Amino acid sequence: MLNLDSLLNRFRKSLGKNVLAKEVVVGAIESNTGIRLKDEEINIKEFTLEIISSPIKKNEIKLHESEILSEIRGRTGQNINKVFYK
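In this report, the structure presented in the accompanying data block is examined. (Residues numbered from 1 in each chain as written. Predicted model: local features only at pLDDT ≥ 70, side-chain atom pairs only at ≥ 80, totals over all residues. Heavy atoms only, no water.)

A look at the nonpolar core
Ranked by internal contacts, the top residues of the largest apolar core, which has 17 residues, are I29 and L49. Listed by contribution, the elements that provide at least two residues to this core are α1 (2-33), β1 (42-45), β2 (48-51) and α3 (65-76). At five residues, α1 tops the list of elements feeding residues into this core. Setting aside chain neighbours within four positions, we find I29 in contact with G34, I35, L37, I51, I61 and I68. (Core = buried A, V, L, I, M, F, W, Y, C linked by side-chain atoms within 4.5 Å. Buried < 20%, exposed > 50% of the residue type's maximum accessible area, 1.4 Å probe, protein only. Helix = DSSP H or I, 4+ residues; strand = E, 2+ residues; numbered from the N terminus. Contact = heavy atoms within 4.5 Å.)

What follows is the structure in structure tokens.
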């Protein structure tokens, strides 16, 4: 039972970090482009931000990519250096 509790606590901690990082990404994109993305449209994998959205939104985000990445790095401390568009 102790192992299960430990596993669930680690899962809660890792889930919390990802949710907070996604909120920062959504805020950075919205403040720089005016586009509001849903959490489902964003994935963060290691040093890569993955955006799954419409072509219009992706193009607008790409135009402001450097400002968005700079703001994300400053607010989260994560070294996200690449954006992958799907």
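There's more to say after this.
Some words on a nonpolar patch on the surface
A grouping of L4, L7 and L8 is seen on the molecular surface, where their side chains present a nonpolar patch of about 260 Å² in accessible area. Tracing the backbone through its elements, the reader meets L4 in helix α1. (Patch = residues over 30% accessible without salt bridge, like charges linked within 9 Å, V, L, I, M, F, W, Y side chains within 5 Å. Areas by Shrake-Rupley, 256 points an atom, 1.4 Å probe, with all protein chains shown as cover. Salt bridge = Lys/Arg side-chain N within 4 Å of Asp/Glu carboxyl O.)

Quick notes on the pairing of β1
Residues I42 and I44 point to one face of β1 and are all buried, whereas N43 and K45, pointing to the other face, are not buried. One ladder, built from four bridges, connects β1 with β2; its direction is antiparallel. Note on β2: the bridge partner recorded for N43 is E50. (Pairing = 2+ DSSP bridges.)

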